[in-house]
Amino acid sequence: MKNVVHAQGVCKTYKMGKHDVAALKNVDLTITEGEFMALAGTSGSGKTTFLNLLGCLDRPSRGEIFIDGIAINPLTNAKLSKLRAKKIGYVFQNFNLIPTLTALENVEYPLHLLADSPKNRTQMAKAALEHVGLGSLTHHRPSQLSGGQQQRVAIARAIVKKPALVLADEPTASLDRKTATEILNLMKDLNQEHGITFVLSSHDSLVLSVAPRVFTLIDGQVASDARKETSLAEELKHVA
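Below or above, wherever it landed, is the structure these notes cover.

Definitions and limits used
- Residues numbered from 1 in each chain as written.
- Predicted model: local features only at pLDDT ≥ 70, side-chain atom pairs only at ≥ 80, totals over all residues.
- Heavy atoms only, no water.
- Pairing = 2+ DSSP bridges.
- Helix = DSSP H or I, 4+ residues; strand = E, 2+ residues; numbered from the N terminus.
- Axes fitted to C-alpha atoms, helices over the stretch in contact; angles between N-to-C directions.
- Contact = heavy atoms within 4.5 Å.
- Buried < 20%, exposed > 50% of the residue type's maximum accessible area, 1.4 Å probe, protein only.
- Disulfide = S-S within 2.5 Å.
- Parallel < 35°, antiparallel > 145°, perpendicular 65-115°, else oblique.
- Left-handed = near helix turned anticlockwise from the far one by under 90°.
- Expected span 1.5 Å × (residues − 1).

### Here's the deal with the sheet that holds strand 8 (residues 198-201)
1) Next: As summarised here, the arrangement of the 6 strands in space is 6-7-8-3-9-10, forming an open sheet in which the pairing is mixed. In this open sheet, the two strands that pair with only one neighbour each are strand 6 (88-91) and strand 10 (221-227). Each strand axis lies, on average, 20 degrees off the axis of its neighbour in the sheet, ignoring direction.
2) Next: Sheet topology note: the strand 7 (residues 165-169)/strand 8 ladder contains 4 bridges and is parallel. Along strand 8, the bridge assignment pairs aspartate 169 with serine 201.
3) Next: Here helix 5 (residues 147-159) sits on the sheet and contacts strand 6 and strand 7; the angle it forms with strand 6, its principal contact strand, is near 170 degrees.

Here is the structure:
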């Protein structure tokens, strides 16, 4: 099984006036293809900083990060943007859908960055919406969709380009418990049926309870990397 993410000795330091503040300190992490894992940590733990590095939105101050075998540190900004567009899908807490576009157009949007043909873009977007159970709502705008449906569109948008890695930032925070459980079930199904690699950044106990692997940061350092064999279906029985 190939590595989708390999981070070694990752440090991130920010300038705060005259002082350096270390947000991450020597973090190591390897994620193999097809994993479903949670990145956990309280506010100030370095979780968001690390997620931004994995998403190629920033670069480490020290250490190395490889995404699908490609080292990000030596890349120019243009090449880093291209890597991000091709290899990484995002699911946001507040969905981040474009309100004037339909569900189909929102899902199709990332494909414009890959210079695909209009016909292929539409076919791929329709297929992604089918995967998340919204094939009949392609022409609905975000305002016509429930919160759970909007998050499904956001997931379809994240997977449409068949990325190496999908990063979900607090994907259940804007949802009620029933809908959150449905969304987690959906992501797990996509993980198991299509081999999509998911990293869910969250402090939600529901997310942490169903993720087979939980990688926890405290004060910018690795506190634990816990794995379990319990299935998602078994875990969800306790929270449904």
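### Here we look at helix 1 (residues 47-54)
1) Next: Extensive coverage of helix 1 is indicated by the burial of 6 of its 8 residues.
2) Next: Regarding helix 1, the residues found buried are Lys47, Thr49, Phe50, Leu51, Leu53 and Leu54.
3) Next: A positive backbone phi angle near 60 degrees is found at cysteine 56, which sits one or two residues after helix 1.

### Describing the state of the cysteines
1) Next: Considering all chains together, one arrives at 0 disulfides under this definition.
2) Next: Just so you know, cysteine 56 is unpaired, no disulfide at all, and the nearest cysteine sulfur is the one on cysteine 11, 18 Å from it.

### Notes on the side chain of threonine 197
1) Next: Considering the arrangement of structural elements, one finds threonine 197 in the loop between helix 6 (177-194) and strand 8.
2) Next: Assessed through its relative accessible area of 1%, threonine 197 is described here as buried.
3) Next: When residues no more than four places from it in sequence are discounted, the contact partners of threonine 197 are Val4, Ile31, Thr32, Glu33, Gly34, Glu35, Ala164, Leu165 and Val166.

### Observations concerning the side chain of threonine 102
1) Next: Relative to the helices and strands, threonine 102 is located in the loop between strand 6 and helix 3 (103-112).
2) Next: Those residues in contact with threonine 102 that sit more than four places away from it in its chain are Thr138, His139, His140 and Arg141.

### Digging into the packing of helix 3 against helix 4 (residues 118-131)
Two quantities define a packed helix pair, namely the angle between the helix axes and the distance between the axes.
1) Next: For the pair helix 3 and helix 4, interaxial distance at closest approach is 9 Å and the crossing angle is 125 degrees. Regarding the angle of helix 3 to helix 4, the classification is oblique. As helix 3 runs across helix 4, the sense of the crossing is right-handed. Across the interface between the two elements, Ala103, Leu104, Val107, Glu108, Leu111 and His112 from helix 3 touch Pro118, Arg121, Thr122, Met124, Ala125, Lys126, Ala128 and Leu129 from helix 4.

### Let's talk about the pairing of strand 2 (residues 19-32)
1) Next: Alignment of strand 1 (residues 3-16) against strand 2, held across 10 bridges, turns out to be antiparallel. Residue threonine 13 lies in a different strand from strand 2, and its bridge partner there is alanine 22.
2) Next: Connecting the antiparallel pair strand 1 and strand 2 is a turn made up of 2 residues, with glycine 17 showing a positive phi of about 70 degrees.

### What to know about helix 5
1) Next: The terminal C-alpha atoms of helix 5 lie 19 Å apart, and with 13 residues this matches the ideal 18 Å at 1.5 Å per residue to within 8%.
2) Next: With 10 of 13 residues buried, helix 5 lies mostly within the body of the structure.
3) Next: Where helix 5 is concerned, the buried positions are Gly148, Gln150, Gln151, Val153, Ala154, Ile155, Ala156, Arg157, Ala158 and Ile159.
4) Next: For helix 5, the secondary structure elements touched by its buried residues are strand 6, helix 3, helix 4, strand 7 and helix 6.

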